Structure formats: structure tokens, C-alpha cells
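Below, each chain spelled out in residue letters.
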Amino acid sequence: MGARATETTRELESTSIKYQIGGHAEKMWQRLKGILRCLVKQLEKGDINVVDLKKNIEYAASVLEAVYIDETRKLLDTEDELSDIQSDSVPLEVRDWLASTFTREMGIVKRRPEEKPKFRSIVHAVQAGIFVERMYRRTSSMVGLAYPAEVIVTFKIPVPNLISFAEALEVGYSKYKNPYHNLIHAADVTQTVHYIMIHTGIMHWLTELEILAMIFAAAVHDYEHTGTTNNFHIQTRSDVAILYNDRSVLENHHVSAAYRLMQEEEMNILANLTKDDWRELRSLVIEMVLSTDMSGHFQQIKTMRHTLQQTEGVDKAKAMSLILHAADISHPAKSWELHYRWTMALMEEFFRQGDKEAALGLQFSPLCDRKSTLVAQSQIGFIDFIVEPTFSLLTDSMEKIVMPLIEEASKSESPAFGTPSQNSLGAVSNAEAQRRPSFKSTSDGGTHTENSLATVNLTSFKDNLMKIIQANKERWKELAVEEELVKNVGEQEKDQSRNSTDAQLQEETTRIQNESSQGSDGTTCPPRSIVLQVVSFDTPLSDESNSEKCTNSDPNQKDLTDAQQETQNTDPQNGEPKHCKKSEDSVKATEKEALIQN
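It should be emphasised that the depicted structure is a prediction, and the values quoted were computed from it without experimental measurement.

Turning our eyes to something else, we now look at the overall build of the chain. A tally of helices and strands in the chain yields 22 helices and 0 strands. In the chain, which comprises 598 residues, the proportion classed as buried is 40%. Residue pairs in contact within the chain that sit at least 24 positions apart in sequence constitute 73% of those at least 6 positions apart. Summed over all atoms, the accessible surface of the chain reaches about 34,700 Å², with 52% contributed by carbon and sulfur.

Okay, structure coming up:
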């Protein structure tokens with residue numbers, strides 16, 4: 001390999017890319033990244049020929065191989081930290097992944113003599129790929145994810161595919177730069193779903209496939225959210241509204257776009273599922289994500305309450321949908337600091353939609369007007385009518401499902417984690433029993449019991465949630481008082497301004513009226529009434545309406561402009577205003593015409 005690398009280096013002496021192999025592995029990795037960046041730039045500019053391109057690619061490959069061997073050479077004679085795991089019982093890919101994730105060193109797995117060379121070369125390539133991924137995560141600013149061994153083995157998810165899919169999800173959630181519906185919200189909801197499954201014990205009721213469906217649905221439930229509501233899409237006749245016929249527009253898009261990602265082979269995290277499992281998981285994911293459409297909230301609550309009143313078991317898909325829906329609106333059930341931040345982020349997203357609606361000439365959607373929305377009051381209503389009933393129903397549902405499992409576990413005095421038993425849905429089939437989640441024994445012969453049914457305390461779970469929700473509601477009530485005071489002060493200032501303007505208009509009217517009631521020789525004519533129309537500041541008055549007011553009003557009632565004009569239209573002989581010369585018959589005729597028009 002060293003000779004080939006040297007030869008390749010000589011071949012590249014005439015090119016713009018010259019690197020020396022050697023030194024610390026991370027420095028070599030940085031060099032490799034530089035080579036690849038240069039290649040991309042040259043390809044974009046179109047100023048590289050095929051021969052040079054081939055040389056550069058070969059040199060990049062030699063650097064990659066050198067980096068891998070440099071890191072692993074010193075480990076050839078060392079004891080593998082995972083040597084107690086037999087290669088026959090654990091897939092090689094899993095072993096390699098465990099080594100690269102849970103140890104500081106990349107161990108070399110010894111091959112059996114009977115293995116074919118082709119298989120060995122593939123494994124070698126996989127090891128190199130895993131190492132490069134680890135080096136990339138170490139040198140980049142991105143925080144690497146941790147993948148528990150049980151998850152990878154149980155769900156059969158290829159690690160490289162999972163990494164690619166997760167990164168694509170991050171890109172999609174960041175597409176519209178939403179204040180609320182972004183990748184942090186997706187992570188928050190996913191974590192909350194996991195918390196609910198653990199602390200209610202519902203995970204013992206679900207199969208491994210159903211648990212995977214829950215986590216997957218939570219992760220993708222708002223993928224590529226536009227930061228606007230379904231109703232906004234419908235009102236603006238957007239492409240997705242037309243595509244999904246105005247029904248759960250965004251929710252349909254979230255699922256469809258996420259599955260479209262997995263059409264790419266490198267992102268297909270479900271590649272190892274059987275066809276039946278794939279269909280079952282997809283069906284569950286679709287139902288759960290569509291259940292996050294808030295327009296179906298009350299129907300969902302009503303259906304679930306009716307289910308709890310029945311003697312038969314609870315439908316799994318409905319229960320799982322309720323869990324995801326509850327997690328999606330769960331920030332009022334978290335600490336005030338988190339809840340307040342989430343609320344402000346959501347309100348900003350609403351206000352941005354309101355800005356778009358104003359620009360398009362649309363009516364403001366609820367809570368989308370920056371100038372009039374009462375945030376505290378809206379949150380109190382949200383908690384009272386949406387959050388509290390949802391979490392109350394959630395805990396009631398968990399009790400009906402999990403309590404029979406706890407009772408049976410107590411009677412049998414078994415660890416109860418993954419033990420097939422009679423539950424609210426009836427007998428468990430052998431196939432389902434084999435698919436239930438379970439933990440293997442630890443290396444010291446013990447078992448993982450921290451998540452067993454024996455640790456579940458539904459009463460404590462419910463009390464804690466309701467306590468936090470009530471505390472947050474009280475905080476909003478305090479803020480609502482301040483909010484109301486600010487609103488009242490604003491209205492008073494507006495009224496005072498309007499009254500001041502009205503007084504000025506009235507004063508000016510009186511002055512003009514007095515002036516118009518006197519002739520040029522000091523004589524007076526009968527007083528005439530002048531009626532002013534008070535127009536609010538936010539009500540425009542068109543020229544047409546002004547004209548209509550003048551033609552349809554009483555002949556003895558004219559507006560301020562007419563009064564100003566008539567002070568100049570006096571009889572030149574006696575100084576008497578011309579309107580004083582109108583005959584009584586003319587006045588009556590005008591009154592009759594006005595009555596007919598009105």
C-alpha cells in the first residue's frame with residue numbers, strides 16, 4: 001500500500017493537489033477533506049480532465065486507506081474489549097458498530113479461515129467506512145448520536161442509513177426556518193413520546209414493531225412544516241392543499257415526504273423489515289401522524305372516551321395516536337421556562353402567518369394578529385379546553401391498559417418485562433409474545449429492571465403532570481391581569497384622543513356657525529343647525545359617501561364645508577345670506593325628496 005501511495009504521489013506532482021501521507025490521523029483526514037473539496041470545485045468549474053480526475057480520486061483513496069491502517073495497526077495484537085461477544089451470535093456489522101461507538105479504539109475482528117476473500121474485503125470496507133464516519137463526527141461541529149446496541153439489534157436498522165436519514169430530517173425541518181415547527185420541536189416530541197412510554201409502562205403492552213412505529217412517527221410528524229396552518233394552505237389554494245384535497249394537508253405531507261426520503265437506498269432505515277412488518281408499521285405511522293391534525297382533536301377525544309367505557313380492550317392504534325397527540329401539545333405540562341419559550345416561539349410563528357395574511361388581503365386567522373392577540377388569555381383557554389382534557393384522558397387510558405399487566409406481573413412474581421400475559425386485549429399469541437421488547441442479562445448475570453412494570457407509578461405520573469399544568473395556568477392568569485391592564489390603558493388613550501378630536505371639531509363648528517349667522521351689516525338671520533358626522537379613525541369615508549350625505553340630508557342641515565362656503569355666498573344688496581331667501585315651498589319640496597330617497 002505504501003509503495004502505491006508513493007507512486008500515486010509522484011503522479012500527482014504536476015497537479016495542483018500535493019499531499020504527504022503520514023502524521024496524525026486527524027491531520028490526514030483534514031487533508032483528505034481538502035482533496036475532495038478541490039475535486040468538487042474543479043468539477044463545478046469544468047476545468048479538469050479525465051486523467052487528472054482519475055489521479056486525484058486514486059490519491060484520495062490512498063489517503064483514506066492510510067488513515068484507516070494508521071489507526072488500526074497498533075491494535076492488531078491487543079485484546080478486543082468486546083471479545084466476550086461471539087462472532088457467531090452477533091452480526092459482524094453490529095460488532096464493528098459496537099467497537100466504533102462504545103470503545104476508544106477500533107478493534108480488528110479475526111476472520112475464520114473458511115471465510116471467502118470476497119466477504120473479507122466487504123467487511124474491510126465496512127470497517128473503513130465506520131471509522132471514517134467516526135472521524136468525521138469527531139472533527140465536525142455536529143454532535144454525534146449514540147446508538148444503543150439493543151436498539152440496533154432489535155429493530156435491525158442499518159447505522160449508516162440511520163445517520164443519513166436523521167441528517168435529511170434535520171434539513172427538512174430547517175427548510176422554512178420556523179420559530180416553532182422545527183427540528184427542536186421534533187426532538188422534543190420524540191423525547192416526550194419516549195418518556196410517556198417508559199413512565200406509564202405502556203411499552204410493555206406494545207410490540208417491538210409498534211414501539212419503533214411510535215418513535216418513527218414522532219420523529220417525522222412535522223417534517224417540512226411550512227410554518228403556516230392547514231387553513232392558510234386551503235385559503236391560499238397551495239399546491240399541497242390541492243394535492244390532498246384540503247384534508248389534513250400538512251399531516252399528509254409530513255408522512256409522504258418522510259417516506260419519499262426512504263426511497264433512496266442510503267436513507268432506507270426500514271430496509272431489513274419484512275413486507276408484512278413494513279406494511280403494518282406504515283399503517284400505524286400514517287394513522288398516528290394524521291391524528292396530530294388539531295381539527296380532529298375533539299372527535300379523537302370523544303372516540304377514545306367512548307372506547308374506555310366499553311368492556312373490550314383498547315385499540316392499539318387509537319391509544320398510540322393519543323400518545324403522539326398528547327406529546328405534540330405537551331409543553332404546558334413542562335417547566336414554566338420551557339413552556340413560556342415554546343409559547344413565545346409558537347406565537348411568533350402565528351404572527352408571521354398573520355403578516356402574510358395581511359399582505360394577501362386575507363382575514364386574520366385566530367391568534368395571528370400581532371396587534372390584538374392576547375397571549376396569556378389564549379394559553380389559559382388552550383390549557384383549559386385542550387391540554388387538561390387530553391392528559392386526563394391519556395392517564396385514564398394508560399391505567400386501563402397497564403393496570404392489568406401490573407396485577408398479573410405481581411401475581412406471577414416475574415420480572416414482567418416482555419413476559420407474555422393476558423391483558424386488556426385478551427390472550428397474546430405466540431408470534432406477538434416473541435415480538436415483545438425484552439432486555440438481555442447484563443455481563444454480571446443481573447437483569448435490567450429500571451424500566452420494569454414494578455417501577456411504574458401511574459398515580460405519581462398523573463399527579464405530577466396535573467401539578468405542573470395547573471402551576472403554568474396560574475402563571476398565565478397573573479400575566480393575563482397585566483395584559484388586560486395594558487389593553488384598557490390603550491383603549492383609554494384611544495378614547496381620549498378621539499374625544500379631544502371631537503371637541504376640537506365641535507368648537508370649530510360653533511365658531512363657523514356664529515360667523516355664518518351674521519350678515520355683512522351686522523344683522524342676524526335665523527340660526528340654522530349644522531350636523532357633523534363623527535367618523536372613527538379606522539373607518540374611511542369615500543367621496544361618494546360625502547356626496548350622498550349632502551344630497552340626502554335635511555335642507556336645513558349642511559356639513560362643515562357647506563357652512564364655510566355659504567359665508568361667502570351672501571346677497572350683495574342687503575348682505576343677507578342667500579339661504580335665508582329660500583322660500584318655504586322650496587324647503588318643503590326638498591324635505592319630501594329626501595324622505596323618498598331614504
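Our focus in this paragraph is the packing of aromatic side chains. Taken as a whole and judged by the stated rule, the model has 9 aromatic pairs. Judged by centre distance (6.0 Å) and plane angle (75°), the ring pair of Tyr-173 and Tyr-223 falls under edge-to-face. You can see Tyr-173 sitting in helix H7 (residues 159–173) and its partner Tyr-223 sitting in the loop between helix H9 (208–220) and helix H10 (230–236), a full 50 residues away along the chain. In this structure, Tyr-173 and Tyr-223 share a single accessibility class: buried. Plain terms: the ring middles of Trp-336 and Trp-476 are 5.0 Å apart, the flat faces sit at 65° to each other, and that makes the pair edge-to-face. Taken as a pair, Trp-336 in helix H16 (residues 336–360) and Trp-476 in helix H19 (residues 458–516) lie far apart in primary sequence, 140 residues in all. Judged on exposure class, the residue Trp-336 and its partner Trp-476 are both buried. Through a chain of ring-to-ring contacts, three or more aromatic side chains come together here, namely Phe-165, Phe-216, Tyr-259 and Trp-278. Cation over ring: Arg-282 sits above Tyr-259, and NZ or CZ is 4.6 Å from the ring centre. A cation sits over an aromatic face here: Lys-316 above Trp-205, 5.3 Å from the ring centre.

Among the nonpolar cores identified, the biggest contains 84 residues, and Phe-165, Val-193, Met-214, Phe-216, Leu-281 and Phe-391 are the most heavily contacted of them. Sorting elements by how many residues they give to this core places helix H17 (residues 375–412) first, with 13 residues. Excluding its chain neighbours within four sequence positions, the residues that come into contact with Phe-216 are Phe-165, Tyr-259, Met-262, Ile-269, Leu-281 and Val-285. Residues Ile-35, Leu-39, Ile-48 and Ala-60 belong to the second largest nonpolar core, which totals 7 residues.

A separate point is the side chain of His-221. One can find His-221 in the loop between H9 and H10. With near-sequence residues (within four places) excluded, His-221 lies in contact with Tyr-173, His-185, Ala-186, Val-189, His-254, Val-289, Thr-292, Leu-324 and Asp-328.

Below, the discussion takes up the confidence of the model for the chain. Confidence in the prediction for the chain averages 73 pLDDT; 60% of positions are at 70 or higher. Within the model, pLDDT remains below 50 along residues 524–568, and this stretch shows 58 contacts once partners closer than five positions in the same chain are excluded. Note on residues 590–598: pLDDT is under 50 here. Beyond four places in sequence and across chains, it has 8 contacts.

It is worth spelling out the side chain of Thr-395 at this point. Along the chain, Thr-395 falls in helix H17. Only 2.9 Å separates the side chain of Thr-395 from the backbone oxygen of Ser-392, close enough to count as a polar contact.

Moving on to H17. For H17, with 38 residues, the first-to-last C-alpha span of 52 Å sits near the 56 Å given by 1.5 Å per residue. The axis of H17 is deflected most strongly, by about 40°, at Ile-383.

The N-to-C vectors of H16 and H17 enclose an angle of 110°; their axes lie 12 Å apart at closest approach. When the axis of H16 is compared with that of H17, the two are roughly perpendicular. In this structure, H16 meets H17 at a crossing whose hand is right-handed. Residues His-339, Thr-343, Met-344 and Met-347 of H16 lie in contact with H17, whose contacting residues are Val-375, Gln-379 and Ile-383. Each residue belonging to the contact of H16 with H17 can be placed in one class, and the counts come to 4 nonpolar, 3 polar and no charged.

A few words now on the pattern of salt bridges. One pass over the structure, following the stated rule, counts 12 salt bridges. Put simply, Lys-175 and Glu-224 hold a salt bridge, and the shortest N to O gap is 3.9 Å. Linking Lys-175 in the loop between H7 and helix H8 (183–200) with Glu-224 in the loop between H9 and H10, this pair joins segments that are 49 residues apart in sequence. The partly exposed category is assigned to Lys-175, whose relative accessible area is 46%.

Bringing the packing of H9 against helix H13 (residues 275–290) into the picture now. Where H9 meets H13, the axes come as close as 9 Å, and the angle between the chain directions of the two elements is 45°. Here H9 lies oblique to H13, going by the angle between them. In this structure, the crossing between H9 and H13 has a hand that is right-handed. In this structure, H9 uses Leu-209, Glu-210, Leu-212, Ala-213, Met-214, Phe-216, Ala-217 and Val-220 to contact H13, whose residues at the interface are Asp-277, Glu-280, Leu-281, Leu-284, Val-285, Met-288 and Val-289. The class makeup of the residues in the contact of H9 with H13 is 12 nonpolar, no polar and 3 charged.

The rules behind these values
Residues numbered from 1 in each chain as written. Predicted model: local features only at pLDDT ≥ 70, side-chain atom pairs only at ≥ 80, totals over all residues. Heavy atoms only, no water. Helix = DSSP H or I, 4+ residues; strand = E, 2+ residues; numbered from the N terminus. Buried < 20%, exposed > 50% of the residue type's maximum accessible area, 1.4 Å probe, protein only. Contact = heavy atoms within 4.5 Å. Areas by Shrake-Rupley, 256 points an atom, 1.4 Å probe, with all protein chains shown as cover. Phe/Tyr/Trp six-rings, centres within 6.5 Å; stacked < 30°, edge-to-face > 60°. Lys NZ or Arg CZ within 6 Å of the ring centre and 35° of its normal. Core = buried A, V, L, I, M, F, W, Y, C linked by side-chain atoms within 4.5 Å. pLDDT = per-residue confidence, 0-100. Polar contact = N/O pair within 3.5 Å; in protein donor to acceptor, adjacent residues only side chain to side chain. Expected span 1.5 Å × (residues − 1). Bend = angle between axes of the 7 residues up to and from the residue. Axes fitted to C-alpha atoms, helices over the stretch in contact; angles between N-to-C directions. Parallel < 35°, antiparallel > 145°, perpendicular 65-115°, else oblique. Left-handed = near helix turned anticlockwise from the far one by under 90°. Nonpolar A, V, L, I, M, F, W, Y, C, P; charged D, E, K, R; others polar. Salt bridge = Lys/Arg side-chain N within 4 Å of Asp/Glu carboxyl O.

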